[in-house]
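Spelled out, the chains give:
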Amino acid sequence: MSVTSEASTTWKGSLIEGSGEIALESSNQGPLAVNWQARSEGSASVTTPEELLAAAHSSCFSMALSHALAGNGTPPERVETTASVTFIPGTGITGSHLNVNAVVPGLSADDFARIANEAKTGCPVSAALTGIEITLEATLA
């Protein structure tokens, strides 16, 4: 069985002066504002495609890591992942950095690093992002 997820964007105006709204199929919240200024300069109040990609990557990786840890016989108590996706105007998306901190009783730091690297490779979003550099910092709490 396959699952298809959807998001829609309505854009008005040119790239530089225009703006848009993103609607997530599953969200019961209002639309997310998006514009070029936030994308090229950063913003604390307007989203970007890269922020949405970071949300997808961090959640997918967390699920892949939790699954791999449970398969190792060491299920995690907690996994916290931040993905930082870099965008350079004129170049594009250049990388995604995963920073994970987890509580996993009975697991050595070396084994955690190995399993985290395997999860990074096995994460479906990582597989979709093979055109960019993906880096990982993995720490046991």
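Residues numbered from 1 in each chain as written. Predicted model: local features only at pLDDT ≥ 70, side-chain atom pairs only at ≥ 80, totals over all residues. Heavy atoms only, no water.

A.B. asks: Explain helix H3 (residues 109-122) here, please?
C.D. replies: Two residues of an α-helix separated by three or four positions point the same way, owing to the 3.6 residues in each turn. For H3, which comprises 14 residues, the first-to-last C-alpha distance of 20 Å matches the rise-based estimate of 20 Å (1.5 Å per residue) to within 8%. Listed in full, the buried residues belonging to H3 are Phe112, Ile115, Ala116, Ala119 and Lys120. Viewed along the axis of H3, the buried residues span an arc of 145°, placing them on a single side of the element. Along H3, exposed side chains directed more than 90 degrees from the buried face belong to Asp110, Thr121 and Gly122. (Helix = DSSP H or I, 4+ residues; strand = E, 2+ residues; numbered from the N terminus. Expected span 1.5 Å × (residues − 1). Buried < 20%, exposed > 50% of the residue type's maximum accessible area, 1.4 Å probe, protein only. Arc of directions from axis to C-beta.)

A.B. asks: Explanation requested: the sheet that holds strand S5 (residues 92-103) in the structure shown.
C.D. replies: In sheet architecture, strand pairing relies on hydrogen bonds along the backbone and comes in two forms, parallel and antiparallel. Here we have 3 strands laid out as an open sheet, ordered S4-S5-S6, and mixed in their pairing. In the strand order of this sheet, the two ends are held by strand S4 (78-88) and strand S6 (133-140), each with one partner. When strand polarity is set aside, the average angle formed by the axes of neighbouring strands in this sheet is 15°. When S5 meets S6, the two strands line up parallel, connected through 8 bridges. Counted as the bridge partner of Asn101 is Thr139 from S6. Those strands touched by helix H2 (residues 49-71) are S4, S5 and S6, and its axis lies near 145° from that of S4. Here H3 sits on the sheet and contacts S5 and S6; the angle it forms with S6, its principal contact strand, is near 150°. (Pairing = 2+ DSSP bridges. Axes fitted to C-alpha atoms, helices over the stretch in contact; angles between N-to-C directions. Contact = heavy atoms within 4.5 Å.)

A.B. asks: Looking at this structure, I do not really get the sheet that holds strand S2 (residues 19-24). What am I missing?
C.D. replies: An order of S1-S2-S3 is seen for the 3 strands of this open sheet, with the pairing classed as antiparallel. Each of the sheet's edge strands pairs with one partner strand only, and the pair in question is strand S1 (7-12) and strand S3 (32-35). In this sheet, adjacent strand axes meet at a mean angle of 25° when their direction is disregarded. Sheet topology note: the S1/S2 ladder contains 6 bridges and is antiparallel. Within the sheet, the bridge partner assigned to Thr10 lies in S2 and is Glu21.

A.B. asks: Please explain the side chain of Thr74 as it appears in this structure.
C.D. replies: Structurally, Thr74 is set in the loop between H2 and S4. With sequence-adjacent residues up to four places away left out, Thr74 is seen in contact with Leu69, Val104, Pro105, Gly106 and Leu107.

A.B. asks: When you look at the pattern of salt bridges in this model, what are you seeing that I'm missing?
C.D. replies: Side chains that differ in charge, positive against negative, can pair when their charged atoms come close. What the rule picks out here adds up to 4 salt bridges. As a salt-bridge pair, Arg39 and Glu50 come within 2.6 Å of each other at their nearest N and O atoms. You can see Arg39 sitting in helix H1 (residues 36-41) and its partner Glu50 sitting in helix H2, a full 11 residues away along the chain. Across the salt bridge formed by Glu118 and Arg114, the nearest N and O atoms sit 3.5 Å from each other. Placement of the pair is Glu118 and Arg114 together in helix H3, with a separation of 4 residues, close to one helical turn. Three or more residues joined by partner-sharing salt bridges are found here, namely Asp111, Arg114 and Glu118. (Salt bridge = Lys/Arg side-chain N within 4 Å of Asp/Glu carboxyl O.)

A.B. asks: What should I look at first to understand the nonpolar core in this one?
C.D. replies: One broad rule of soluble globular proteins: the nonpolar side chains tend to lie buried together. Counting 24 residues, the largest nonpolar core has Phe61, Leu65, Leu69, Val100 and Phe112 as the members making the most contacts within it. Secondary-structure elements contributing two or more residues to this core are H2, S4, S5, H3 and S6. Here this core takes 6 residues from H2, the largest share from any one element. (Core = buried A, V, L, I, M, F, W, Y, C linked by side-chain atoms within 4.5 Å.)

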